[in-house]
Amino acid sequence: MTSPVGLMRPEHRPSRHLNDLLEAFSGDLVLIDGPSAADPVLSGVAVGSAEVEPGDLFAALPGLRTHGARFVDQALSAGAVAVLTDEAGADVVRGVSTEVPVLVTRAPRELLGAVSAWLYDHPARRLVVTGVTGTNGKTTTAYFVEAALAAEHGSTGMIGTVELRVGDRTVESPRTTVEAPVLHGLFARMVQEGITACSMEVSSHALALHRVGGLQFDVVGFTNLQRDHLDFHGDMEGYFRDKARLLAPDQARRAVVCVDDPWGERMAREAQVPVDTLATRSTTTTEADWRVSGAEVGLDGVGSTFTLTGPGGVAVRATSPLPGLVNVSNAALAVVMAHRAGLTLERAVESVGRAGGIPGRMERVVERDGTWPLCLVDYAHTPEALALALDSVRPITPGRLVVVFGSDGDRDRGKRPLLGEAAARGADVLVVTDENPRSEEPSSIRAAVLEGVRGVRPGLADVHEVAPRAEAVRFATGLAGSQDTVIVTGKGHEPTQEVAGVFHRYNDRDVFLETVRAASTTSAENDE
Ligand SMILES: CC(=O)N[C@H]1[C@@H](OP(=O)(O)OP(=O)(O)OC[C@H]2O[C@@H](n3ccc(=O)[nH]c3=O)[C@H](O)[C@@H]2O)O[C@H](CO)[C@@H](O)[C@@H]1O[C@H](C)C(=O)N[C@@H](C)C(=O)N[C@H](CCC(=O)O)C(=O)O
Ligand SMILES: Nc1ncnc2c1ncn2[C@@H]1O[C@H](COP(=O)(O)OP(=O)(O)OP(=O)(O)O)[C@@H](O)[C@H]1O
């Protein structure tokens, strides 16, 4: 992997004068401090003081916990040459330095995307950029779209939960949707490297916090809306409203919306941009521009085929390269998005059908082979996604379905028993364990999950509570026979586990592989 910092900024840094920035944003920004003649050259922009590089504009933002202005001294020591903040932030900066120019605006987060885009000379305008939002399926759909864009454009960019990728260089992603300065820096890097298309995931946090400001997507896609992140958005209405921000003319030229749930229907109705509606389930009765029919789930678990019928009766037979009906939905959405991004329908269908595996999304880590069960890693972490994930694995499981799962700490508590309930309904054997407990006591999270399990299985038959997580994965693999399937959900590709403020290196896939390797070594030694 390339050094993260190296990839997130263009190799040839911009060089723009502060006064030009003031002129470009004269209606929004005022210079309230600093030596009046100073007109420093800006060569970058950063949100966190730890990310500041010499020549940067430091965006000191009001946050949910603290104010970025409190870290201005670190930013200045790191080489920041100007500060963008609000009135409250300006007061703090004044107390630290009178030498640095301070630009003030009412809501700096709202302006930061446009400022970053300006600084890097609007690189996204030279790219085809697609964005996927929704509770579940963002990563999968974004990878499917990326496969299609790659077929048309060659080298591509990818910005999402799993990685930040520019061509064939990749770094671990700090979050689903990076802050605006990083985003536009990545676009600038892509443009400098001759890349012409980028696929992105857009989280609801990013929309609420204006992380995709200054960017107009060519095509955006909406998958679905299910209970999640209510700790941040308050209620489903707030969650919906934040998602809906993406389907406005300043953010997107057009959209493709799955109307399988009522939220999707409403999203399509209220969108302020041209919309293609898409119905992907046989149970969806809503009228739609595009419709999936005749879905056949591949019994080898590798993929499914389906017919996609579009405007004017155009019909194509398409393939999802990942198992389960949810991936029929994701593949259909990706095909229509890629088509609307300029590909012929045939090319979109063909390239999505050939998309490779995605880390931590129904990832087959160990194949069923007479000794070992099929071992899968999946990222399902909402009750609905867990139920669907278990449903999609059932047809490829001749024996028992074993699920290893838990729920996050410091996040939506209400979903814990619901996850327990979904697992108890969908799997035969349950191993309840820890996910990212964060600051919470892990056993109390497990207890809340088990409460939901108990509602369905009062006697807790075939239910085990095992921690830590690595032990739970080993335990499940050990109890499963070769006809069984073990699916571990909730963390997907994640390379760490957050416990009491510390990020420990941890990955479900690695534990599966180590378990199999250790058992093979032991049996080889016993044979000697
Ligand atoms: C809820 C949320 O998204 N919060 C983000 C937000 O934090 P905040 O506004 O509370 O910031 P704060 O901690 O009060 O700090 C205020 C300012 O001081 C700055 N600061 C702070 C400390 C310091 O030493 N130096 C410094 O400059 C911070 O960069 C920030 O600009 O701005 C921070 C700065 O960029 C982010 O780090 C932080 O993400 C936190 C860590 C986070 O966990 N976010 C998650 C929930 C998130 O965004 N998730 C979605 C995906 C969700 C999903 O679909 O699963 C994502 O897109 O990844
Ligand atoms: N269209 C879908 N509908 C419901 N569940 C889905 C769908 N697609 C995927 N899932 C389930 O949700 C899990 C997460 O999928 P994916 O990573 O693609 O979504 P995501 O939106 O990126 O999630 P996150 O925002 O948490 O990163 C998958 O592992 C799968 O179990």
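Just so it is clear, the model here is predicted, and its values are computed rather than measured. (Residues numbered from 1 in each chain as written. Chains lettered and ligands numbered in written order. Predicted model: local features only at pLDDT ≥ 70, side-chain atom pairs only at ≥ 80, totals over all residues.)

Notes on the site of ligand 2
- Taken together, 21 residues lie near ligand 2, and N136, G137, K138, T139 and A380 sit nearest.
- Split by residue class, the shell around ligand 2 holds 6 nonpolar, 11 polar and 4 charged.
- Mapping the shell around ligand 2 onto the domain boundaries places at least three of its residues in each of domain 2 (123-353) and domain 3 (363-524). (Near = placed C-beta within 6 Å. Nonpolar A, V, L, I, M, F, W, Y, C, P; charged D, E, K, R; others polar. Domains from an automatic or database assignment.)

Notes on the sheet that holds strand β23 (residues 463-465)
- Read across the open sheet, the 6 strands follow the order β19-β20-β24-β21-β22-β23; overall the sheet is mixed. Taken across any chain shown, the strands that pair with only one partner, and hence form the sheet edges, are β19 (363-366) and β23. Across the sheet, the mean angle from the axis of one strand to that of its neighbour is 20°, orientation sign disregarded.
- Strands β20 (374-377), β21 (401-405) and β24 (485-488) of the sheet are contacted by helix α14 (residues 383-393), whose axis makes an angle of about 150° with β21.
- Set on the sheet, helix α17 (residues 469-479) makes contact with β20, β21, β22 (429-432), β23 and β24; between it and β21 the angle comes to about 175°. (Pairing = 2+ DSSP bridges. Helix = DSSP H or I, 4+ residues; strand = E, 2+ residues; numbered from the N terminus. Axes fitted to C-alpha atoms, helices over the stretch in contact; angles between N-to-C directions. Contact = placed C-beta atoms within 7 Å.)

Structural notes on the site of ligand 1
- Lining the immediate environment of ligand 1, one finds 19 residues, of which G63, L64, G68, R175 and S203 sit closest.
- Each residue belonging to the shell around ligand 1 can be placed in one class, and the counts come to 7 nonpolar, 9 polar and 3 charged.
- Residue assignment places the shell around ligand 1 across two domains, with domain 1 (4-119) and domain 2 (123-353) each supplying three or more.

Some words on the UniProt feature "domain: Mur ligase N-terminal catalytic" (unreviewed entry) in the protein chain
- UniProt records the feature "domain: Mur ligase N-terminal catalytic" (unreviewed entry) for residues 43-103 in the present numbering.
- Annotation note: span residues 43-103, helix share 26%, strand share 21%, distance between end C-alpha atoms 16 Å. (UniProt positions renumbered as here; feature names shortened; annotations may be inferred.)

What to know about the domain arrangement of the protein chain
- Annotation of the protein chain at the domain level lists domain 1 (4-119), domain 2 (123-353) and domain 3 (363-524).
- When each unit is reduced to the centre of its C-alpha atoms, the spacing between domain 1 and domain 2 is 32 Å.
- On the side of domain 2, 21 residues touch domain 1, which itself brings 18 residues to the contact.
- Sorting the residues of the side of domain 1 that touches domain 2 by element identifies α1 (4-8), β4 (44-46) and α5 (108-119) as the ones contributing at least two each.
- Across the side of domain 1 that touches domain 2, the residue classes break down as 11 nonpolar, 3 polar and 4 charged.

Describing the nonpolar core
- Ranked by internal contacts, the top residues of the largest apolar core, which has 112 residues, are V83, V257, L278, A332, V335, A338 and V352.
- Both domains that furnish three or more residues to this core are identified here as domain 1 (4-119) and domain 2 (123-353).
- Counting 44 residues, the second largest nonpolar core, distinct from the first, contains A424, V473, V488 and F512. (Core = buried A, V, L, I, M, F, W, Y, C linked by C-beta atoms within 7 Å. Buried ≥ 20, exposed ≤ 12 C-beta atoms within 10 Å, placed from the backbone.)

Some words on the sheet that holds strand β11 (residues 169-172)
- One open sheet holds the 11 strands; their spatial order is β11-β10-β9-β12-β8-β13-β14-β15-β16-β17-β18, and the pairing between them is mixed. Sheet topology places β11 and β18 (315-320) at the edges, where each strand pairs with a single neighbour. Strand-to-strand, the axes of this sheet are offset by a mean angle of 20°, without reference to chain direction.
- The pairing of strand β16 (residues 290-297) with strand β17 (residues 304-309) spans 5 bridges and is antiparallel. Bridge pairing in β17 links E296 to T305.

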